[in-house]
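A structural walkthrough
Below, each chain spelled out in residue letters.
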Amino acid sequence: MGRKNIKIEFRYDGSGYYGFQRQPNKITVQGEIEKILRIVTKEEINLISAGRTDRGVHANHQVSNFYTSSNIPIEKYKYLLTRALPNDIDILSVEEVDEKFNARHNAKMREYIYIISWEKNPFEARYCKFVKEKIDSEKLERIFFDFEGIHDFKNFRLNDCTSKVTIREIYQIEVKYFGENKIKIYIKGSAFLKSQVRIMIGTALEIYYGRLVENHIRLMLNDFTKKYKKNLVEPEGLYLNRIEY
């Protein structure tokens, strides 16, 4: 049997995980999926994935691929994974793809959404950020305009980010009302640095509330002579929402 390249699409509730990426002695989404794949294929499996989410961050759509020489029929994988994985990870599809397909490098667009609510609800505490007053979506969207385009996001990442290239393109950011008491922030880009989205949103909110000057985003995008405070929003409201190839 030759080697197969298998693509899986899935979603997960990140509340109970130390992020997506495999870590020693920590429960992660990647670690849980690889553990099951190792058992069923009897091989060492390494998932290549479109994005790596922080601890507590969710995914409505995540894409990975892995290589295997196992002779398990492709149509069996979804059943085997679904049966063995915990209920907070849901396999959407499994298919064999071209040998050259790479879930990370071939992705053309990644979209994140962030949910903010001004109605406190204990049953939504793991799935959105709570604020005290209604947010003006148009005012917040205008603040985000400074991020759109190609920029060096060196100041919008955590210190342990290992990416050598920090230039990224943001295609579009929209802020929309979602029901009567929530907004959703949609951020579409080529790719993102570690915690970049959370720092972008945290910075925009600090400007919205008047705690930072209006041109602070432009300063952070263009001035690398000083260290800026990283304002991270809580991870609970963040979702990796869509990957396009």
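Residues numbered from 1 in each chain as written. Predicted model: local features only at pLDDT ≥ 70, side-chain atom pairs only at ≥ 80, totals over all residues. Heavy atoms only, no water.

Regarding helix H2 (residues 74-84)
Three or more residues of H2 are buried, namely Ile 74, Tyr 77, Leu 80 and Leu 81. Buried residues of H2, seen end-on, are gathered within an arc of 95° and therefore sit on one face of the element. Across from the buried face of H2, at angles greater than 90 degrees, the exposed residues are Glu 75 and Arg 83. (Buried < 20%, exposed > 50% of the residue type's maximum accessible area, 1.4 Å probe, protein only. Helix = DSSP H or I, 4+ residues; strand = E, 2+ residues; numbered from the N terminus. Arc of directions from axis to C-beta.)

Brief notes about the environment of Tyr 177
Within the secondary structure, Tyr 177 sits in strand E8 (residues 167-177). With 60 residues separating them along the chain, Tyr 177 and Ser 117 place their C-alpha atoms 10.0 Å apart. When residues no more than four places from it in sequence are discounted, the contact partners of Tyr 177 are Trp 118, Lys 134, Ile 135, Asp 136, Ser 137, Lys 182 and Ile 183. A distance of 3.0 Å separates a polar atom in the side chain of Tyr 177 from the backbone oxygen of Ile 135. In terms of polar contacts, Tyr 177 uses its side chain to reach the backbone amide nitrogen of Ser 137, at 3.2 Å. (Contact = heavy atoms within 4.5 Å. Polar contact = N/O pair within 3.5 Å; in protein donor to acceptor, adjacent residues only side chain to side chain.)

Re a nonpolar patch on the surface
Side chains of Ile 150, Val 165 and Ile 167 sit close together on the surface and give an oily, nonpolar patch of about 300 Å² of accessible area. Looking at the element boundaries, Val 165 is found in the loop between strand E7 (149-152) and E8. (Patch = residues over 30% accessible without salt bridge, like charges linked within 9 Å, V, L, I, M, F, W, Y side chains within 5 Å. Areas by Shrake-Rupley, 256 points an atom, 1.4 Å probe, with all protein chains shown as cover. Salt bridge = Lys/Arg side-chain N within 4 Å of Asp/Glu carboxyl O.)

So, the pattern of salt bridges
For the structure on display, the rule yields 16 salt bridges. Linking Glu 111 and Arg 242 is a salt bridge whose minimum nitrogen-to-oxygen distance equals 3.4 Å. Residue Glu 111 is located in strand E5 (residues 109-117), and its partner Arg 242 is located in strand E10 (residues 238-244); the two are separated by 131 residues in the primary sequence. Across the salt bridge formed by Arg 211 and Glu 206, the nearest N and O atoms sit 3.1 Å from each other. Each of the salt bridges in this network shares a partner with another, and the network as a whole consists of Glu 111, Lys 188, Arg 242 and Glu 244.

Here's the deal with helix H1 (residues 29-41)
Counting along an α-helix, one turn takes 3.6 residues, and residues three or four places apart therefore face a common direction. With 13 residues, H1 extends 18 Å from end C-alpha to end C-alpha; this agrees with the ideal 18 Å at 1.5 Å per step. Among the residues of H1, Val 29, Gln 30, Gly 31, Glu 32, Ile 33, Glu 34, Ile 36, Leu 37 and Thr 41 are the ones counted as buried. Looking at the buried side of H1, the elements it contacts are strand E1 (4-12), strand E3 (58-68), H2 and strand E4 (89-97). Two to three positions downstream of the cap, the backbone nitrogen of Gly 31 sits 3.0 Å from a side-chain oxygen, assigning the N-cap of H1 to Thr 28. (Expected span 1.5 Å × (residues − 1).)

Describing the UniProt feature "active site" (unreviewed entry) in the protein chain
UniProt marks Asp 54 with the feature "active site" (unreviewed entry), using the numbering shown here. Mapped onto the fold, Asp 54 is located in the loop between strand E2 (48-49) and E3. Given a relative accessible area of 15%, Asp 54 falls into the buried group. In this structure, Asp 54 is in contact with Gly 19, Lys 194, Ser 195 and Arg 198, ignoring residues within four places of it in sequence. (UniProt positions renumbered as here; feature names shortened; annotations may be inferred.)

Brief notes about unusual backbone geometry
Within the chain, Asn 25 stands out as a residue other than glycine whose phi angle is a positive 60°. With respect to the helices and strands, Asn 25 occurs in the loop between E1 and H1. Despite not being glycine, Lys 42 has its phi angle at roughly 60°, a positive value. Along the chain, Lys 42 turns up in the loop between H1 and E2.

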